[in-house]
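Fold and contact review
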Amino acid sequence: MRTKAVATAALLTLALTACGAEIAPAGDAAAGSAHYPVTVDNCGTEVTFERKPARTVTNDVGITELMLALGLADRMAGYVMPDDKGQVDKVAWKDGYRQTTWLSKQQITKEIALEAKADLVFAGWHYGFDEAGGFTPQALAGLGIDSYVLSESCRSGKGPERGVMSPLDALYTDLASLGEIFDVRDRADKLIAEFRAQVAAVPQPERRPRVFLYDSGEDKPYTAGKFAAPQEIIAKAGGENVMGDLADSWTTVGWESVVQRDPEVIVINNYGSPDAEAKRKFLTSFPPLAGVSAVRDGRIFVLDYVDLVESPRNPAAITALAAYLRSVTTG
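Residues numbered from 1 in each chain as written. Predicted model: local features only at pLDDT ≥ 70, side-chain atom pairs only at ≥ 80, totals over all residues. Heavy atoms only, no water.

1. A few points about the packing of aromatic side chains
This structure, assessed with the given rule, holds 14 aromatic pairs. Grouped by ring-pair contacts, the aromatic residues Phe212, Tyr214, Trp255, Phe282 and Phe286 constitute a single cluster. Here Lys105 stacks its cationic end above the ring of Trp102, 5.0 Å away from the centre of that ring. (Phe/Tyr/Trp six-rings, centres within 6.5 Å; stacked < 30°, edge-to-face > 60°. Lys NZ or Arg CZ within 6 Å of the ring centre and 35° of its normal.)

2. A short note on the packing of helix H8 (residues 185–200) against helix H14 (residues 314–330)
Direction vectors running N to C along H8 and H14 enclose 10°, while the axes themselves pass 9 Å from each other. Between H8 and H14, the crossing angle belongs to the class labelled roughly parallel. Residue-level inspection shows Phe195, Gln198 and Val199 of H8 in contact with H14, the latter providing Pro315, Ala316, Ile318 and Thr319. Partitioned by chemical class, the residues of the contact of H8 with H14 number five nonpolar, two polar and no charged. (Axes fitted to C-alpha atoms, helices over the stretch in contact; angles between N-to-C directions. Helix = DSSP H or I, 4+ residues; strand = E, 2+ residues; numbered from the N terminus. Parallel < 35°, antiparallel > 145°, perpendicular 65-115°, else oblique. Contact = heavy atoms within 4.5 Å. Nonpolar A, V, L, I, M, F, W, Y, C, P; charged D, E, K, R; others polar.)

3. Considerations on unusual backbone geometry
A negative phi angle is the norm for most residues apart from glycine, just as the trans form is the norm for most peptide bonds. Cis geometry marks the peptide bond from Tyr36 to Pro37; its omega dihedral reads 5°. By secondary structure assignment, the location of Pro37 is in the loop between helix H2 (28–31) and strand E1 (38–42). With omega at 5°, the peptide bond leading from Ser273 into Pro274 counts as cis. Following the sequence through the fold, Pro274 ends up in the loop between strand E13 (265–270) and helix H11 (276–285). One non-glycine residue, His126, adopts positive backbone phi at about 85°. Relative to the assigned elements, His126 resides in the loop between strand E6 (120–125) and strand E7 (128–129). Relative accessible area serves as the criterion here: at 41%, His126 is assigned to the partly exposed category. (Buried < 20%, exposed > 50% of the residue type's maximum accessible area, 1.4 Å probe, protein only.)

4. Considerations on helix H9 (residues 229–236)
Buried residues of H9: Ala229, Pro230, Glu232, Ile233 and Ile234, and no others. A positive phi of about 105° marks Gly238, the residue just after H9.

5. Details of the confidence of the model for the protein
Counting all residues, the mean pLDDT for the protein is 88, and 86% of those residues have values of 70 or more. Contacts from residues 1–27, a stretch scored under 50 in pLDDT, to residues over four places away or in other chains number 27 contacts. (pLDDT = per-residue confidence, 0-100.)

6. Remarks on helix H7 (residues 167–181)
In an α-helix, one full turn covers 3.6 residues, which means residues spaced three or four apart are oriented alike. With 15 residues, H7 should reach 21 Å at 1.5 Å per residue; the first-to-last C-alpha distance of 21 Å fits that figure. Among the 15 residues that make up H7, 12 are buried, leaving the element largely enclosed by the rest of the structure. Two residues or fewer after H7 comes Asp183, characterised by a positive phi angle close to 60°. (Expected span 1.5 Å × (residues − 1).)

Here it is, written out as structure tokens:
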């Protein structure tokens, strides 16, 4: 994903100046004055919002759907998202996609945010923010644009490791924080309560089968450690993530570690190319995995990308995976 847009420092300054007067609709700041300013804790940093954001730009499908699930399409300037992240026309908040704008299928950039006249960018480390490319909350602050970092991607200390809380706690934290930022805490609390009840009601399998999350990679597999959403999706569904001892979120491991841990079920993360069927064919024909229980017994389950990153689809994913794991342990 690449964007070739080029802008000089002078043009960026002009664009920022031009957008400054258009950030909030007329009367919007006054209407929200009783609630603002509001301060939330975001990845260990207190972030203050002087008024309700009016032109939010989101990156990726899960982040976008956090906004849409809260009914905040009218507070969005648009979203950046590839077109390979699954069906979006069957979710409860599908109408929200039609109420906002698909800004780009490429990588989010400062130029995209400026062109959209963004007053807030909602993204995450590994989900848009990238120091190598210079797209960071600090860089956006220099352009007068606020940022909110996805809690699943929060960094631990000063290192590259991501994840400082359990994935569902990250989901609930972000919903609550967005509720404060946009003054819709009643909606957020209702949604959090519904999600908690849905997860609590999931029937558990007779025992906890070992599960490996396969995202991609043939030389080495890309998978989920204990701070990525699949960790808790697998756990709440009644399984055990065989890579759950890795103190990171999404990370690369060696095939030998997969073989040693002998997963009974493999969950494929379905997105882009190769698709889930191609990944299945690879896994079932890869000689080192021939003796692994999941491959030997044909126990491979598919979930979409958006199910497996922090998103309002996580509770439904837990329900679906739990049903499969129960069939495995009783079959």
